[in-house]
Amino acid sequence: MKPAIIVHGGAWDIPDKIWQAHKEGCTKALEKGMEMLETGASAIDAVEECIKIMEMNPVFDAGRGSFLNIDGKIEMDAGIMDGKDLSFGAIGGIDGIYHPVSLARKVMEETEHVFLAGNGAHKFARKMGFQKIPYEKLLVGRELDRWLRIKDDPDFRTRTVFEEDKKGRIDKDGIRVDTVGAVAIDINGDISSATSTGGIPKKMSGRIGDAPIVGCGFYADNLAGGASATGWGEQIMKICMCKTAVDFLSEGLDPMEAARRAVEVLETRVDGSGGIILIDSKGRIGHAYNTPRMAFEFSYAV
Ligand code: GLY
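Computed from a predicted model, the values in this text were never measured in an experiment.

I'm lost on the nonpolar core in this one. Help?
Most often, soluble globular proteins have nonpolar side chains that are buried together. If you look at the biggest cluster of nonpolar residues, it comprises 48 residues, and the most contacted ones within it are Ile5, Ile91 and Leu103. When contributions to this core are tallied by element, the ones reaching two or more residues are strand 1 (4-12), helix 1 (16-38), helix 2 (43-55), strand 2 (76-82), strand 3 (87-94), helix 3 (100-110), helix 4 (118-127) and strand 5 (180-185). Among the elements that make up this core, the one with the highest residue count is helix 2 (seven residues). For Ile91, the residues in contact, after removing those within four places along its chain, are Met76, Asp77, Ala78, Pro100, Leu103, Ala104, Val107, Phe115, Leu116, Ala121 and Pro212. If you look at the next biggest cluster of nonpolar residues, it comprises 39 residues, including Ala229, Val246, Leu253 and Val270.

Got a minute to help me understand the sheet that holds strand 9 (residues 274-280) in this structure?
Strands pair in a sheet through their backbones, by hydrogen bonds, and they do so in one of two ways: parallel or antiparallel. With respect to topology, four strands assemble into an open sheet ordered 7-8-9-10, the strand pairing being antiparallel. With one partner strand each, in any of the chains shown, strand 7 (218-221) and strand 10 (285-289) form the two edges of the open sheet. Within the sheet, the average angular offset between the axes of one strand and its neighbour, ignoring direction, is 10°. Relative to strand 10, strand 9 runs antiparallel, the two sharing five bridges. Pairing of Ile279 across the sheet is with Ile285, part of strand 10. Where helix 10 (residues 255-270) meets the sheet, it contacts strand 9 and strand 10, and its direction lies at approximately 25° from that of strand 10.

Would you mind going over the site of the ligand with me for this structure?
Surveying the vicinity of the ligand reveals the residues Thr179, Thr197, Gly199, Ile200, Arg207, Gly209, Asp210, Gly231 and Gly233. In this structure, Asp210 approaches the ligand through a side-chain N or O atom, which is 2.7 Å from a nitrogen atom. Of the residues belonging to the shell around the ligand, the class tally is one nonpolar, six polar and two charged.

Even after reading the chapter, I still don't get the pairing of strand 7, so can you show me in this structure?
Judged by which residues are buried, strand 7 turns out to be covered on both faces: Phe218 and Ala220 on one side and Tyr219 and Asp221 on the other are all buried. In the sheet, strand 7 pairs with strand 8 (residues 225-231) via four bridges, with the strands oriented antiparallel. Paired with Tyr219 across the bridge in strand 8 is Ala227. Hairpin connection from strand 7 to strand 8: three residues lie between these consecutive antiparallel strands.

What's the story with the pairing of strand 9 in this structure? I'm lost.
Put simply, side chains in a regular strand alternate between the two faces of the sheet. When you tally the buried positions in strand 9, you get seven out of seven residues, the bulk of the element. Burial along strand 9 is two-sided: the face carrying Gly274, Ile276, Leu278 and Asp280 and the face carrying Gly275, Ile277 and Ile279 are both buried. As consecutive antiparallel partners, strand 9 and strand 10 are separated by four residues, and within that stretch Gly283 has a phi angle of approximately 85°, a positive value.

Got a minute to help me understand the pattern of salt bridges in this structure?
Pairing is possible between side chains of opposite charge, provided their charged atoms come close. With the rule as written, the count across this model stands at 15 salt bridges. Glu143 is the salt-bridge partner of Arg142, the closest N and O atoms lying 2.6 Å from each other. Owing to a relative accessible area of 28%, Arg142 belongs among the partly exposed residues under this scheme. What you see here is one network of salt bridges that share partners, running through Asp45, Glu48, Arg105 and Glu109.

Got a minute to help me understand the packing of helix 1 against helix 2 in this structure?
Packing of helix 1 against helix 2 brings their axes to within 9 Å, and their N-to-C directions diverge by 155°. As far as their axial angle goes, helix 2 and helix 1 are roughly antiparallel. As for the relative orientation of helix 1 and helix 2, their crossing is right-handed in sense. Contacts between helix 1 and helix 2 involve Gly25, Cys26, Lys28, Ala29, Leu30, Lys32, Gly33, Met36 and Leu37 from the former and Ala43, Asp45, Ala46, Glu49, Cys50, Ile53 and Met54 from the latter. Among the residues making up the contact of helix 1 with helix 2, the classes are represented as 10 nonpolar, two polar and four charged.

What is the right way to read the side chain of Asn69 from this model?
The residue Asn69 is located in the loop between helix 2 and strand 2 in this model. With near-sequence residues (within four places) excluded, Asn69 lies in contact with Glu75, Trp147, Lys202, Lys203 and Ser205.

What's the story with helix 3 in this structure? I'm lost.
The α-helix winds at 3.6 residues per turn, so residues separated by three or four positions along the chain end up facing the same way. For helix 3, the buried fraction is high: eight of the 11 residues fall into the buried class. Those residues of helix 3 that are buried lie in contact with helix 2, strand 2, strand 3, strand 4 (115-117), helix 4 and strand 6 (191-197).

Where do I start with the packing of aromatic side chains in this structure?
Two aromatic rings, taken as a pair, are described by how far apart their centres are and by the angle between their planes. Under the criterion given, the structure shown has four aromatic pairs. Between Phe296 and Phe298, the ring centres sit 6.4 Å apart and the planes meet at 10°, which makes this aromatic pair stacked. What links up through ring pairs into an aromatic cluster is the set Tyr289, Phe296, Phe298 and Tyr300. Lys23 extends its terminal NZ or CZ atom over the ring of Phe296, reaching a point 5.6 Å from the ring centre. Over the aromatic face of Trp19 sits the side chain of Arg293, whose NZ or CZ is 4.5 Å from the ring centroid.

Thresholds applied
Residues numbered from 1 in each chain as written. Predicted model: local features only at pLDDT ≥ 70, side-chain atom pairs only at ≥ 80, totals over all residues. Heavy atoms only, no water. Core = buried A, V, L, I, M, F, W, Y, C linked by side-chain atoms within 4.5 Å. Buried < 20%, exposed > 50% of the residue type's maximum accessible area, 1.4 Å probe, protein only. Helix = DSSP H or I, 4+ residues; strand = E, 2+ residues; numbered from the N terminus. Contact = heavy atoms within 4.5 Å. Pairing = 2+ DSSP bridges. Axes fitted to C-alpha atoms, helices over the stretch in contact; angles between N-to-C directions. Near = heavy atom within 4 Å. Polar contact = N/O pair within 3.5 Å; in protein donor to acceptor, adjacent residues only side chain to side chain. Nonpolar A, V, L, I, M, F, W, Y, C, P; charged D, E, K, R; others polar. Salt bridge = Lys/Arg side-chain N within 4 Å of Asp/Glu carboxyl O. Parallel < 35°, antiparallel > 145°, perpendicular 65-115°, else oblique. Left-handed = near helix turned anticlockwise from the far one by under 90°. Phe/Tyr/Trp six-rings, centres within 6.5 Å; stacked < 30°, edge-to-face > 60°. Lys NZ or Arg CZ within 6 Å of the ring centre and 35° of its normal.

Purely geometric numbers; function is a separate question.
Okay, structure coming up:
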């Protein structure tokens, strides 16, 4: 099998002045992932590495650069899945680490469980050797400024942020950022996907979005394909967007059409906004979004 990989850095009304930084952030992650796949790495290693690169890039809402919640805290979510045997791991509401995606993978490989959150997730991170990262290392000035602007605004609504995005109008608090994701197929035909996020601005403490929910923010099944979603998590969850898209692949749709149909379901059933990236079991790529832009890059081995 010829490897292929696709990564995204969020779907929203990304303005020109930060579009290049988004594209470059995706390209940097993609190049590393492709280099790994071409030298025989597994899809799961490649997607984890891509996400780690993007988690360290403050351009994105994942790892460094994450949004702050209503209390001014960072709570990050991530999920990763191996399409070989449908094993997956997920982490909800974690802080104090750079790489939620790697902790999610540890949940998958080192526990009998699939999803950890809260105190137990923190304890597990320490047990797995993740150093406690001070809050200030994850926080970026852009997000502190945003939080100071919106924290006491009684009119601030998540719905408004996403609806303005869809219409191509930047929300009133200015520049946003968004979730990251990666999907890959390796030389053995194994498919993996991963998604990582800081969630949404001014979210309630304890709010968990689609990113760590299997079938919603990520999904991978060697028999059909893999997917990673981005956008309005509450609506993405209602339609189990990644599983919906992979089911379209199982029905025989090509990946571009499956991605388009999944976004159509998001739009028509729940008035949601966002995007999705896909790879099918033949290594073909799909992508679609209903926002003005989605940052993504993909590559096939030649
Ligand atoms: N899609 C990211 C979130 O809603 O948390």
